[in-house]
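Inside the fold
Here's the letter readout for the chains.
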Protein chains: 2
Amino acid sequence: MKSDFISPGISPAGGRDPDLAEPAAVRRAIRRGDFRSFTNHAAPGFAQGNLVIVPAPFADDFAQFCELNSRALPVMGRSAAGVPHLPELASDLDLRTDVGGYMVFENGVLTGTPRDIRDLWRDDLVAFVLGCSFSFESVLQSHGVRLRHLDEGNVSAMYVTNRATVPVGPFGGDMVVSMRPMTPQDAIRAALICQHYPEYHGAPVHIGLPHLLGIDDLTRSYGGHGLTALREDELPVFWACAATAQIAAVAAGLPLCITHYKAHMVLTDVPVLSKSAGEPTFGGRDA
Amino acid sequence: MKSDFISPGISPAGGRDPDLAEPAAVRRAIRRGDFRSFTNHAAPGFAQGNLVIVPAPFADDFAQFCELNSRALPVMGRSAAGVPHLPELASDLDLRTDVGGYMVFENGVLTGTPRDIRDLWRDDLVAFVLGCSFSFESVLQSHGVRLRHLDEGNVSAMYVTNRATVPVGPFGGDMVVSMRPMTPQDAIRAALICQHYPEYHGAPVHIGLPHLLGIDDLTRSYGGHGLTALREDELPVFWACAATAQIAAVAAGLPLCITHYKAHMVLTDVPVLSKSAGEPTFGGRDA
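All values reported here derive from a predicted model rather than from experimental measurement.

1. Considerations on the sheet that holds strand S8 (residues 206–207) of chain A
Backbone-to-backbone hydrogen bonds pair the strands of a sheet. The strands run either parallel or antiparallel. All names here are of chain A. Read across the open sheet, the 4 strands follow the order S6-S7-S9-S8; overall the sheet is antiparallel. One side of each edge strand has no neighbouring strand; the edge strands of this open sheet are strand S6 (157–164) and S8. Examined bridge by bridge, S8 and strand S9 (residues 235–241) share 2 bridges and lie antiparallel to one another. Across the sheet, residue Ile-207 finds its bridge partner in S9, namely Val-237.

2. Brief notes about the relation of the copies chain B and chain A
If you rotate chain B by 180 degrees and push it 0.0 Å along the axis, it lands on chain A with an RMSD of 0.0 Å. In symmetry terms, the pair is related by a two-fold rotation axis. Residues of chain B ranked by C-alpha distance from the rotation axis are headed by Leu-192 of chain B, positioned 3.1 Å from it. When the interface residues of chain B are mapped onto chain A, 97% of them again lie at the interface, so the same face is used by both copies.

3. Re the nonpolar core
Side chains that are nonpolar tend, in soluble globular proteins, to be buried together. Counting residues in hydrophobic clusters, the biggest one holds 86 residues, and the most contacted among them are Leu-51, Leu-140 and Met-182 of chain A together with Leu-51, Leu-140 and Met-182 of chain B. The contacts of Met-182 of chain B, once residues within four sequence positions are left out, are Leu-140, Val-145, Arg-146, Leu-147, Ala-187, Ala-190, Asp-233, Glu-234, Leu-235, Val-237 and Trp-239 of chain B.

4. What about the environment of Thr-113 of chain B?
Residues and elements named next belong to chain B. With respect to the element layout, Thr-113 can be found in the loop between strand S4 (109–112) and strand S5 (125–131). What makes Thr-113 buried here is its relative accessible area of 2%. It is 9.4 Å that separates the C-alpha atoms of Thr-113 and Ile-258, two residues lying 145 residues apart in sequence.

5. Observations concerning the interface of chain B and chain A
Taken together, the 38 residues of chain B in the interface contact 37 residues of chain A. Along the contact surface separating chain B from chain A lie 0 salt bridges. Linking chain B with chain A are 1 residue pair in polar contact (both at pLDDT 80 or more). Listed by contribution, the elements that provide at least two residues to the side of chain B that touches chain A are strand S6 (157–164), strand S7 (174–182), helix H5 (184–194), strand S8 (206–207) and strand S9 (235–241) of chain B. Take the side of chain B that touches chain A: its biggest share by element is 5 residues, from H5 of chain B. Residues of the side of chain B that touches chain A, tallied by class, amount to 22 nonpolar, 10 polar and 6 charged.

6. Brief notes about the packing of helix H3 (residues 134–142) of chain B against H5 of chain B
All names here are of chain B. Relative orientation of the contacting elements H3 and H5 amounts to 120 degrees, with a least axis distance of 10 Å. In terms of orientation, H3 lies oblique with respect to H5. Read as a crossing pair, H3 and H5 show a hand that is right-handed. Along the contact surface, H3 presents Phe-136, Val-139 and Leu-140, while H5 presents Ala-190, Ile-193 and Cys-194.

7. Comments concerning the pairing of strand S5 (residues 125–131) of chain A
Residues and elements named next belong to chain A. Taking burial as the measure, the 7 residues of S5 include 7 buried ones, the bulk of the element. Relative to S5, strand S1 (residues 46–55) is paired through 7 bridges, and the arrangement is antiparallel. Bridge pairing links Gly-49 to Gly-131 in S5. With 3 bridges joining them, strand S2 (residues 75–78) and S5 adopt antiparallel strand pairing. Bridged to Gly-77 within S5 is Val-129.

8. Brief notes about helix H1 (residues 23–32) of chain B
Turning to H1 of chain B, its buried residues are Pro-23, Ala-25, Val-26, Arg-27, Ala-29 and Ile-30 of chain B. The inward-facing, buried residues of H1 of chain B abut strand S1 (46–55) and strand S11 (266–271) of chain B.

9. Details of the environment of Leu-120 of chain B
Residues and elements named next belong to chain B. Summarising the element assignment, Leu-120 is placed in the loop between S4 and S5. Residues Leu-120 and Val-104, 16 residues apart in the sequence, show an inter-C-alpha distance of 9.1 Å. In contact with Leu-120, other than residues within four places in its own chain, are Val-104, Pro-114, Leu-125 and Ile-258.

10. Remarks on the pattern of salt bridges
All names here are of chain A. Counted under the stated rule, the structure contains 30 salt bridges over all chains. Across the pair Arg-27 and Asp-92 runs a salt bridge whose closest N-O atoms are separated by 2.7 Å. Residue Arg-27 is located in helix H1 (residues 23–32), and its partner Asp-92 is located in the loop between S2 and strand S3 (102–106); the two are separated by 65 residues in the primary sequence. Note on Asp-92: relative accessible area 31%, which makes it partly exposed. Shared partners join several salt bridges into a network, and the residues in it are Arg-27, Arg-31, Asp-92, Asp-98 and Asp-269.

11. Observations concerning the side chain of Thr-228 of chain B
Position of Thr-228 of chain B among the secondary structure elements: in the loop between S8 and S9. Ignoring anything within four residues of it in the chain, the contact list for Thr-228 of chain B reads Ala-157, Tyr-159, Met-179, Leu-218, Thr-219 and Ser-221 of chain B.

12. Comments concerning the sheet that holds S6 of chain B
Residue and element names in this part refer to chain B. Strand order in this open sheet of 4 strands is S6-S7-S9-S8, and the pairing throughout is antiparallel. The sheet terminates laterally at S6 and S8, the two strands that pair on one side only. In this structure, S7 lies alongside S9, joined through 7 bridges in antiparallel fashion. If you follow Ser-178 over to S9, its bridge partner there is Trp-239.

Conventions and cut-offs
- Sequence order sets the numbering: in each chain, residues are counted from 1 along the sequence as written.
- Throughout, the order in which chains and ligands are written sets their labels, letters from A for the former and numbers from 1 for the latter.
- Local features in a predicted model are, by the rule used here, given only for residues with pLDDT of at least 70; side-chain atom pairs are given and counted only at 80 or more, and totals for whole chains, interfaces and linings are based on all residues.
- Computation of side-chain values: all heavy atoms of the structure, hydrogens and water removed.
- Two strands qualify as a pair provided that DSSP identifies no fewer than 2 bridges between them.
- Put simply, DSSP H or I for four residues or longer makes a helix, DSSP E for two residues or longer makes a strand, and each gets a number counted from the N terminus.
- For the least-squares superposition of copies, only C-alpha atoms count, and only for residues with pLDDT at least 70 in both.
- Here, two residues are considered to be in contact whenever any of their heavy atoms come within 4.5 Å of each other.
- Definition of nonpolar core: a set of buried residues of the types Ala, Val, Leu, Ile, Met, Phe, Trp, Tyr and Cys, connected through side-chain atoms within 4.5 Å.
- For every residue, the accessible area (1.4 Å probe, protein chains only) is compared with the maximum for its type, and the residue is labelled buried under 20%, exposed over 50%, or partly exposed between those bounds.
- For this document, the term salt bridge refers to a Lys or Arg side-chain nitrogen within 4 Å of an Asp or Glu carboxyl oxygen.
- Throughout this description, a polar contact denotes any pair of N or O atoms lying within 3.5 Å of each other; where both atoms belong to protein, one of them has to be capable of donating a hydrogen while the other can accept it, and for residues adjacent in sequence the pair is counted only when both atoms sit in side chains.
- Each residue is assigned to one class: nonpolar for Ala, Val, Leu, Ile, Met, Phe, Trp, Tyr, Cys and Pro, charged for Asp, Glu, Lys and Arg, and polar for all the others, Gly among them.
- To define axes, lines are fitted to C-alpha atoms, for helices over the stretch in contact only, and angles between the resulting N-to-C directions are given on a 0 to 180 degree scale.
- To sort the angles, those under 35 degrees are grouped as roughly parallel, those over 145 as roughly antiparallel, those from 65 to 115 as roughly perpendicular, and the leftovers as oblique.
- A crossing counts as left-handed when the near helix is turned anticlockwise from the far one by less than a right angle, and as right-handed when that turn is clockwise.

Distances and angles like these do not, on their own, reveal function.
Structure representation (C-alpha cells):
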C-alpha cells in the first residue's frame, strides 16, 4: 500500500493563475507533473468529475447503481471497454494520465496511489465519470454565496452517512456527503441555486443536524481532510457526493477498481452555465 | 382597550369541514358569526391575506413601504379610498365584515378588537391586502412537507427580528417573521417550493440559527401564540411575514389604522396553483 505516494497540497496560485483558468491547461500541467494540488481551485466555471474504472463484467451493474442513486452518482460519461477517452467531456482527455492522482483497489484493498495508470490500463476496463460538487462552487460564489473553505484554501469535507443507497448487484452501502459551512441565508441561496444542477448533485440533501445523518463528530471527516470547524453563524450544509461510488466499489471487492485520488478530479471542458434566477434577499435590504 | 374581545380558538373541523372548503362559505360563516377560528385551517388551496387599512394621506407612503420591502409585504390588492371591496380578490368580499377579527389602533394605541368595522368605515380609508404564508401551507403539505403545527391544530409562531425594513415616510421598524418547525429535508423542500410563490413571501429567509435574527427565546413569540417547541430532528424555518406592516403602522402612530386580528386573515378566491417541479429526494430512496 502506497497511500502516501501523493501528498496533495493547495497551490497558492490555484485558479487565479492564468495558466490554471482553462481546464486544458491544467490537464497539461497534470500530465507534466507540474500541477499536484487539489483541483477545486482550478479552472472555475468548468465541470469536474469523479473517476471510477471497473472491469467490463461489472460495468452494467455499476451503471444501474448510478442510475438508481443519481443524486449522489450523476453519470457524465461512460467509456467503451478499453477506451480511456471521453471526448464528449474533453477532446484531448486521457483518463490514464490527466487526473492528478489515482487510487488502485484490488479485491477491495488499496494497493497503490499512482500519478498515472498507463501501466494498469487494460482492454476490459470501463471508465465512468460522475458529477462533482466542485463544479458548482464557482457558480455559488458568483451569486454571492461565501464558500469559506475556498477562501481558506481548503476543500469541502466528506462524511459517510447512515443513509443506504439502493443496491445493485455487488454495489451498495451507505451514502457519502460533502459538507460546506454556510450562513443560514447562504444555505438557502445555495439550495435555490444548486437545484438547477442535478448533474452535479442538485440541491443539498441536508442542513444543520448532522446527527440525523449518523454524523456524530464533524471533525472526523471521511479521508480526514476538509474544513470541518463551524462558526457560530454557520450551519453545516450537506450534498450527496459521488465518493459514494468509491466506497461501494471498494466494498464490492472487485478484482480491480481504479478511482481518482480524493479531491483530484477529472477536469472537463464542459462549462457550468449560470442558470439561476435572482435569489431572494431577506427583505428590502439584503441581510 | 378590548384586546380580549376575541378569543380565537381552533375549529377541530377546520378545512376538513366541507362547508369550510370554499373561501366564500367561510366568509359567509364569518359574517354570520359562525366561524371564529384561526383561518389557517380554512379553505386550503386559496390565498389568504393580511389586512391593513390606513387613511388616504398615508396610503402612498404605505404602498411604497410595501414595494421596498416586498419580501415581507407583497401587495395583493389596494382599494380606492372609501371602497371596502377588492373584487379582484373575491367578488363578494366586504372588508368591513368578512374578516374574523380586527384590531383598531388610534395614534398607535390599540383601542378595540371588534368583529366588524362597519361603524368605523370612512370615505378616506384605503385598504391593503398583503400576502400571507398561510397561502402556501397546503401546497407544502401536498408535496409531502410535514407542517406539524397544522397537524397539532396550531398556527405558525411569529417573531420580531433585528433586521430593519427600508423605511418610507412614517413607516419603518424591524421585520417580523413566521416560523415553522421542520426536519432539515423538509426545510430544503419548503425552500425549493416556496421560491415559486413570491406573492406569499417566497423562500424562507432564515433556517436554524434564530439568535442571528435577534431571537433569543423561541418560546416568546410575537403575540404569544403558535407552535414554538422544536423536536430534536427539527430546525426552525423562518419566512418574512406581513405582520411587519402591522407593527410599522402602529409605530407610525397614525391617527387611525385598522388591521386583521392575528391569524384571522382575509380569505380570497385566488387559487394557489401548484407550481413546483418535483423536489429532489435524498437519493434513490427518500430519506
